[in-house]
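Coordinates in review
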Amino acid sequence: MATQSLSSLLQRATIDDHEEVLRSSDAVLAKSKTNAHAQHVKVVALLKLDRYEDCLRVFEECGDRLKQKAALEYGYALYKCGQPDAAIGVVSGLVGDRGARHLEAQASYRAEKFRRTAEVYEELARDLPSLDNEEHDLRINAWAADAQLQWKGYPESVRHARPTRDDLEAFETVYNAACLSIAKGEFDQAVMLLKRAKELCRTSEDLTPEDRAAELLPIAVQQLYVLICQGKSEEAESVLEEISVKEIPELSTRRIAQNNVTLARGATANPYLLYKALHETSISSDSDKLFDNQDNIMTGNLHAADLLVQKYDGVIRSTSKALSRAPYPSADASTNLLSVYNAAAHTRGQTGLPALKAVLSALEKRPKDLGVLLTAVQLYVVAGNTTGAIATLEKSLQHLEESISEQDKEIRFNPGLLSVLISLYKQEGRKMQIRSELAKAATFWKEQAVPPTPLLRAAGASLLHSSLRSDLTQAAELFESMYKKDSNDVFAVAGYVASHATTDYAHVAAQAQTLPSIADLIADVDVASLEAAGVFPSSATTAAAAAAAIAGARKRPAGNKDRVTKRVRKSRLPKDYDPSKTADPERWLPLRDRSTYRPRGRKGKQRAAERTQGGVVSEKSEETASAAGQAQQKPPGGGGASSKKKKKAKR
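Computed from a predicted model, the values in this text were never measured in an experiment.

1. Re the overall build of the protein
- Along the protein, the regular secondary structure elements total 34 helices and zero strands.
- Looking at the protein as a whole, 35% of its 651 residues are labelled buried.
- Contacts in the protein between residues at least 24 apart in sequence constitute 53% of all its contacts with a sequence separation of at least 6.
- In the form shown here, the protein has an accessible surface area of approximately 41700 Å², with 52% of it arising from carbon and sulfur atoms.

2. Things to note about helix α25 (residues 431-445)
- The end-to-end C-alpha distance of α25, which contains 15 residues, comes to 21 Å, matching closely the 21 Å that a straight helix rising 1.5 Å per residue would cover.
- For α25, the set of buried residues is Ile434, Arg435, Glu437, Leu438, Ala439, Ala441, Ala442, Phe444 and Trp445.
- The secondary structure elements touched by the buried residues of α25 are α23 (406-412), α24 (415-427), α26 (453-464) and α27 (469-485).

3. With respect to helix α29 (residues 505-514)
- Taken residue by residue, α29 has Val508, Gln511 and Ala512 as its buried positions. An end-on view of α29 places all buried positions within 110° of arc, on one side of the element. Exposed and oriented more than 90 degrees from the buried face of α29 are Ala506, Ala510 and Gln513.
- On its buried side, α29 packs onto α27 and α28 (490-501).

4. Considerations on the packing of aromatic side chains
- Tallied over the entire structure, the rule returns eight aromatic pairs.
- Between the aromatic rings of tyrosine 109 and phenylalanine 114, the centroid separation amounts to 5.5 Å while the plane-to-plane angle is 75°, which identifies the pairing as edge-to-face.
- You can call tyrosine 109 partly exposed: its relative accessible area is 21%.
- Overall, the relative accessible area of 3% leaves phenylalanine 114 in the buried class.
- Aromatic side chains phenylalanine 114 and phenylalanine 291 sit 5.8 Å apart centroid to centroid with 65° between the ring planes, which places their arrangement in the edge-to-face category. A residue pair is termed long-range when its members are at least 10 positions apart, and phenylalanine 114 in helix α9 (residues 114-126) and phenylalanine 291 in the loop between α16 (271-278) and α17 (292-308) qualify at 177 residues.
- On the basis of relative accessibility, which here comes to 9%, the residue phenylalanine 291 falls in the buried class.
- Put simply, the rings of Tyr52, Tyr76 and Tyr79 touch in pairs and so form one group of aromatic residues.

5. A few points about the pattern of salt bridges
- One pass over the structure, following the stated rule, counts 30 salt bridges.
- Via salt bridges that share partners, Arg101, Glu104, Arg116, Glu119 and Glu123 belong to a single interconnected network.

6. Observations regarding the nonpolar core
- With 46 residues, the main nonpolar core has Leu393 and Trp445 as its most contacted residues.
- Per-element tally for this core: the top contributor is α25, with seven residues.
- Those residues within four positions of leucine 393 in sequence are excluded, and the remaining contacts are Leu373, Val377, Leu417, Val420, Leu421 and Leu424.
- Judged by nonpolar contacts, the second largest core, of 27 residues, contains Leu149, Leu180, Leu194 and Phe291.

7. A short note on the side chain of arginine 435
- Here arginine 435 is to be found in helix α25.
- Take arginine 435: its relative accessible area is 15%, and that puts it in the buried class.

8. Let's talk about a nonpolar patch on the surface
- Taken together, the side chains of Ile518, Leu521, Ile522, Val525 and Val527 make up a nonpolar region of the molecular surface, amounting to roughly 480 Å² of accessible area.
- Locating isoleucine 518 in the fold gives a position in helix α30 (residues 518-521).
- Classification of isoleucine 518 as exposed rests on a relative accessible area of 65%.

9. Considering unusual backbone geometry
- Following tyrosine 328, the chain continues into proline 329 via a peptide bond in cis, with omega recorded as -5°.
- Tracing the backbone shows proline 329 in the loop between α18 (312-325) and α19 (333-347).
- Unlike most non-glycine residues, aspartate 50 shows phi in positive territory, near 60°.
- Looking at the element boundaries, aspartate 50 is found in the loop between α3 (36-48) and α4 (52-62).

10. Observations concerning the environment of threonine 386
- Its place among the elements puts threonine 386 in helix α22 (residues 386-402).
- Measuring from C-alpha to C-alpha, the distance between threonine 386 and tyrosine 425 comes to 8.7 Å, with 39 residues separating the pair along the chain.
- Sequence-distant contacts of threonine 386, defined by excluding residues within four places in its chain, comprise Leu424, Gln427 and Glu428.
- Side chain to side chain, threonine 386 and glutamine 427 meet in a polar contact 3.5 Å long.

11. Some points on the packing of α26 against α27
- Across the interface, α26 lies against α27 with an axial gap of 8 Å and an inter-helix angle of 145°. Taken as a pair, α26 and α27 cross one another with a handedness that is left-handed. Note on element contacts: α27 touches α26 through Asp471, Leu472, Gln474, Ala475, Leu478, Phe479 and Met482, opposite Leu456, Arg457, Ala459, Gly460, Ala461, Leu463 and Leu464.

12. Topic: the packing of helix α12 (residues 187-202) against helix α13 (residues 209-230)
- Relative orientation of the contacting elements α12 and α13 amounts to 165°, with a least axis distance of 10 Å. When the axis of α12 is compared with that of α13, the two are roughly antiparallel. Along this stretch, α12 crosses α13, giving a crossing that reads as left-handed. Contact residues: Phe187, Asp188, Ala190, Val191, Leu194, Lys195, Ala197, Lys198, Cys201 and Arg202 in α12; Arg212, Glu215, Leu216, Ile219, Ala220, Gln222, Gln223, Val226, Cys229 and Gln230 in α13.
- The class makeup of the residues in the contact of α12 with α13 is 11 nonpolar, three polar and six charged.

About the cut-offs
Residues numbered from 1 in each chain as written. Predicted model: local features only at pLDDT ≥ 70, side-chain atom pairs only at ≥ 80, totals over all residues. Heavy atoms only, no water. Helix = DSSP H or I, 4+ residues; strand = E, 2+ residues; numbered from the N terminus. Buried < 20%, exposed > 50% of the residue type's maximum accessible area, 1.4 Å probe, protein only. Contact = heavy atoms within 4.5 Å. Areas by Shrake-Rupley, 256 points an atom, 1.4 Å probe, with all protein chains shown as cover. Expected span 1.5 Å × (residues − 1). Arc of directions from axis to C-beta. Phe/Tyr/Trp six-rings, centres within 6.5 Å; stacked < 30°, edge-to-face > 60°. Salt bridge = Lys/Arg side-chain N within 4 Å of Asp/Glu carboxyl O. Core = buried A, V, L, I, M, F, W, Y, C linked by side-chain atoms within 4.5 Å. Patch = residues over 30% accessible without salt bridge, like charges linked within 9 Å, V, L, I, M, F, W, Y side chains within 5 Å. Polar contact = N/O pair within 3.5 Å; in protein donor to acceptor, adjacent residues only side chain to side chain. Axes fitted to C-alpha atoms, helices over the stretch in contact; angles between N-to-C directions. Left-handed = near helix turned anticlockwise from the far one by under 90°. Parallel < 35°, antiparallel > 145°, perpendicular 65-115°, else oblique. Nonpolar A, V, L, I, M, F, W, Y, C, P; charged D, E, K, R; others polar.

In short, geometric facts, not functional conclusions.
Pasting the structure below:
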């Protein structure tokens with residue numbers, strides 16, 4: 001009876017102190033461990049107190065009943081404990097719960113599923129009746145998702161182009177817009193946005209002095225990164241004064257700040273000081289870890305510092321241990337980065353041919369390791385041996401192609417790996433091999449669920465230039481599939497029309513009408529200015545330019561009217577030279593080839609007449625030519641048999 005009254009009292013209570021709520025719920029659970037309401041109150045109190053691991057422990061102790069009743073709280077505890085995938089699995093089943101959708105978006109962002117993150121935020125923004133005061137937060141988070149999509153290499157999924165006036169009103173939105181500009185490589189735009197974010201943060205009335213200082217630190221760290229990329233060392237020095245690495249609460253941001261500050265202060269001059277500085281900050285935890293693209297850079301910097309201080313054996317051990325747990329072969333960037341540093345450690349600081357031998361030896365042990373393979377290819381290219389690079393790459397690709405594993409086949413036709421091979425082919429002018437590789441890749445990816453569109457476009461465009469009927473048919477199939485998938489894609493429409501125009505134009509006549517006309521494409525081109533600049537020769541000078549090109553003449557740059565004529569020395573002029581007379585244009589030809597040449601004597605005139613085309617041919621000359629032709633013919637039967645000599649008659 002006392003337990004029931006205490007539980008009912010707890011339901012009616014309005015306590016603002018979460019510690020007091022926790023004590024009250026514990027008092028109820030001490031008398032009734034299975035009280036579902038008290039269990040729910042306890043996990044909420046633990047979440048309010050930021051005791052996420054304790055909250056997760058309560059969920060595990062209470063079992064599935066509490067997990068189902070407080071599914072949102074359970075998903076949030078998983079998310080805060082660094083288990084975003086598990087959190088997504090819990091809250092994705094909560095239909096019609098707007099809070100669950102927010103949590104799913106946050107967990108998807110942490111799990112680096114940025115496409116899903118952007119989709120959820122877009123769905124939330126479209127639900128206008130339920131929007132209330134969420135519009136500002138949704139705008140901030142949508143910009144953050146777009147920045148990560150750009151970093152991940154999905155620019156086609158980015159929904160924002162330039163910040164609007166509303167976006168420029170809050171420092172959080174401006175900061176995320178600056179991050180998107182950095183991901184695009186637009187550093188000048190990023191600098192202006194970061195300065196704007198600083199001003200808005202400093203003048204914000206909603207922040208306490210402590211919160212303001214905490215918000216300014218990440219902005220300064222990002223600004224320092226941009227200035228380092230731009231090479232503006234003086235401005236970077238002024239930003240360094242605003243950064244106190246030890247005061248940054250988030251461990252992941254602290255690691256990035258330590259890295260950027262170390263590089264900005266020029267610690268690379270002494271490798272041992274660089275090694276010490278980069279290892280000062282401890283590794284972040286699961287709940288506060290770097291994104292993959294950030295972690296790859298940080299890991300690379302740490303291994304580079306290890307190599308500079310000649311810790312070759314240590315790098316080999318650590319990378320080999322990590323590679324043994326990773327899938328093989330793998331197209332993952334972080335895995336291949338480990339392979340690159342493993343190969344670099346095997347060279348032990350050597351360069352040139354000795355380094356190449358060490359890397360090739362490592363490649364023999366792991367022929368499908370893309371990191372080691374690309375390192376060997378790079379060393380070949382640096383040495384100017386493109387043929388060796390192609391042979392090495394083709395050998396490893398053959399190992400992947402002969403494998404029965406579907407994963408190996410997918411890596412064999414990886415777009416990034418194929419781009420390296422095609423670039424090498426282009427350097428040597430191997431057009432047939434380029435077309436063949438793209439055709440095989442298109443055949444493989446066409447059957448996959450999510451084919452890479454840029455690769456299919458490149459394959460279709462390459463096959464259109466082939467004279468083989470089979471290649472043209474394959475190009476038509478590729479462009480037709482792309483056109484059916486997206487009929488508004490101008491590239492797909494143009495390829496679809498081009499691939500069918502020579503065989504069945506009536507089939508694509510309607511699509512051809514939707515393509516922009518040539519007049520529209522060149523409407524903004526000023527032909528006159530291009531001709532004046534020497535880009536396109538006018539029709540009057542086309543023949544002269546062609547003749548000059550054939551003769552090997554060098555074209556003069558456009559607008560060179562003040563060219564000074566070279567003066568010829570008097571010692572090089574002939575004795576009877578008269579500057580008022582025009583020199584004979586045929587003076588460089590032999591006498592017999594000049595138009596003014598007239599042969600002398602009977603034999604000379606006869607030879608001249610025989611060389612003249614269309615002249616009168618005498619019977620004597622015909623007989624002479626016929627006799628000469630018969631004399632040059634070999635007797636039938638081949639061989640070198642000679643006619644028998646007649647015996648001399650007796651006197």
